[in-house]
Amino acid sequence: MHAHPAASPARVVEQHRSGYVVATGPGDGVAVESLPEWQRPAGYRKGKVAPEDRPAVGDWVLVEDGRRIVALLPRRSAIKRGAAGEHYRQQLIAANVDVVFVVCGLDGDFNPRRIERYLLLVQGSGAQPVVVLTKADGPGADVAAARAQLADIEAQDVPAVAVNAKDPAAVEALSPWLRPGDTAVLVGSSGAGKSTLTNTLLGVERMKTAEVREHDARGRHTTTHRALIPLPTGACLIDTPGMRELKPTGEEEVADAGFADVEALAAACRFRDCAHGREPGCAVRAAIERGELDEGRFLNYLKLRDEVAAASDRLASRLADKQGARVVTRALHKRLDDKYGKH
């Protein structure tokens, strides 16, 4: 604020490939220009800003003349994932969020292993995760059975709420996390009911919806970009396109994905380097054999643990390369200064 006394704060309510829409209150979104270094392509080697360091929906920025962003203000929370592709990159999903609604339909979309993957990305963000089970009124929906499969997650302070996303009375169950001033973001697969839930919370049909395919319960991408929407309650809601790929960034802790009990069991094994196979004194295998630990859940823990470790190695390599590039640049500047003098 001291560096830009003529600027005023505004919040990013839409993010597009060509720029941003910001607002200072409900209903007054305006398109603005972004800083040149935020334009594509990205990459620190080209002097550009990495994607996760650019504004995302939910960020606060400073705007001059009502049309130009001049600064990004500090975040208090951020939801990120690893971007698709071979090269290590992070993708920022939303910023300054209080709660993340992990939306999963009680049809063919229901998948506890995918919910655990979402929780892995959310738990270290600074936001509260809440599992929202939609289509509770659908044919064949078994709320009790689904809750039973999520019992280990709920036992670690992650609420699970079953709703009919089309019923305003049913979605009232989400009101504790939609108080005035709160910001929530919806994440989940296409066809899970995120846009339907948004429309019900708004009280108007604002977001496009589409029927899911019967054979696999998959939906089409009716939401094409992230948008922050003010709700009648005084809260803000961010709807997002469906995400089929959920790669960790390498900054996560696997225990945060609802696996604290698994790691506690692993710590009780006789050998510190126990691989939880056929080693004697393995507390994890003993818990599986007693029926106290679901083997599918344990296998997902191992999978996520390995993915986080691999992503962490890629992140460390990226940071090392970045630090090396800075050292080379500083050395070059010093040589030029020594040869030609500072100017």
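Conventions adopted
Residues numbered from 1 in each chain as written. Predicted model: local features only at pLDDT ≥ 70, side-chain atom pairs only at ≥ 80, totals over all residues. Heavy atoms only, no water. Core = buried A, V, L, I, M, F, W, Y, C linked by side-chain atoms within 4.5 Å. Buried < 20%, exposed > 50% of the residue type's maximum accessible area, 1.4 Å probe, protein only. Helix = DSSP H or I, 4+ residues; strand = E, 2+ residues; numbered from the N terminus. Contact = heavy atoms within 4.5 Å. Pairing = 2+ DSSP bridges. Phe/Tyr/Trp six-rings, centres within 6.5 Å; stacked < 30°, edge-to-face > 60°. pLDDT = per-residue confidence, 0-100. Salt bridge = Lys/Arg side-chain N within 4 Å of Asp/Glu carboxyl O.

Thoughts on the nonpolar core
Taken as a class, soluble globular proteins show a tendency for nonpolar side chains to be buried jointly. Ranked by internal contacts, the top residues of the largest apolar core, which has 51 residues, are Val 100, Phe 110, Ile 115, Leu 133, Leu 150 and Phe 298. The dominant element in this core, judged by the number of residues it contributes, is helix α1 (residues 112-122), at six residues. Residues in contact with Phe 110, not counting those within four places in the same chain, are Cys 104, Gly 105, Ile 115, Leu 133, Ala 146, Gln 149 and Leu 150. In terms of nonpolar packing, the next biggest core, distinct from the first, is built from 21 residues, Ala 165, Leu 178, Ile 229 and Ala 235 among them.

Observations regarding the pairing of strand β13 (residues 236-239)
Residues Cys 236 and Ile 238 point to one face of β13 and Leu 237 and Asp 239 to the other, with burial holding for every one of them. The pairing of strand β11 (residues 183-188) with β13 spans three bridges and is parallel. Across the sheet, the residue bridging to Val 185 is Ile 238, located in β13. Linking two consecutive strands that pair antiparallel, namely strand β12 (residues 227-230) and β13, is a turn of five residues; a positive phi of about 100° is found at Gly 234 within it.

Describing unusual backbone geometry
Positive phi, normally seen in glycine, also occurs at Lys 135, with a value near 60°. Following the sequence through the fold, Lys 135 ends up in the loop between β9 (128-134) and α2 (143-149). Classification of Lys 135 as partly exposed rests on a relative accessible area of 23%.

With respect to the packing of aromatic side chains
Given two aromatic rings, their pairing is described by the distance between the two centres and the angle made by the two planes. One pass over the full model with this rule turns up three aromatic pairs. Geometrically, the ring pair formed by Phe 298 and Tyr 301 is stacked, given 6.2 Å between the ring centres and 25° between the ring planes. With a gap of three residues between them, Phe 298 and Tyr 301 both fall in helix α8 (residues 295-340), about one helical turn apart. Grouping aromatic residues by their ring pairs yields a cluster made of Phe 259, Phe 298 and Tyr 301.

Digging into the confidence of the model for the chain
Mean pLDDT over the chain works out to 84, with 84% of the residues at or above the 70 mark. Below a pLDDT of 50 lies the segment residues 212-217, which in the model reaches ten contacts outside its immediate sequence neighbourhood of four places, other chains included. pLDDT under 50 marks residues 219-223. Its contacts with residues more than four places away, or in other chains, come to 19 contacts.

Remarks on the environment of Val 21
The residue Val 21 is located in strand β2 (residues 19-23) in this model. Since its relative accessible area comes to 15%, Val 21 is described here as buried. Between the C-alpha atoms of Val 21 and Arg 11, which are ten residues apart in sequence, the distance is 8.5 Å. Residue contacts for Val 21: discarding those within four places in its chain leaves Arg 11, Val 12, Val 13, Glu 14, His 16, Gly 29, Val 30 and Ala 31.

Considering the pattern of salt bridges
With the rule as written, the count across this model stands at 18 salt bridges. In this structure, Arg 76 and Asp 98 form a salt bridge, with 3.0 Å as the shortest nitrogen-oxygen distance. Here Asp 98 lies in the loop between β7 (90-95) and β8 (99-105) and Arg 76 lies in the loop between β5 (68-72) and β6 (78-82), a separation of 22 residues in the sequence. Across the salt bridge formed by Lys 135 and Asp 107, the nearest N and O atoms sit 2.9 Å from each other. In this pair, Lys 135 is assigned in the loop between β9 and α2 and Asp 107 in the loop between β8 and α1, connecting sequence segments 28 residues apart. Using a relative accessible area of 29% as the deciding quantity, one classes Asp 107 as partly exposed. Shared partners join several salt bridges into a network, and the residues in it are Arg 113, Glu 116, Asp 152, Asp 261, Asp 294 and Arg 297.

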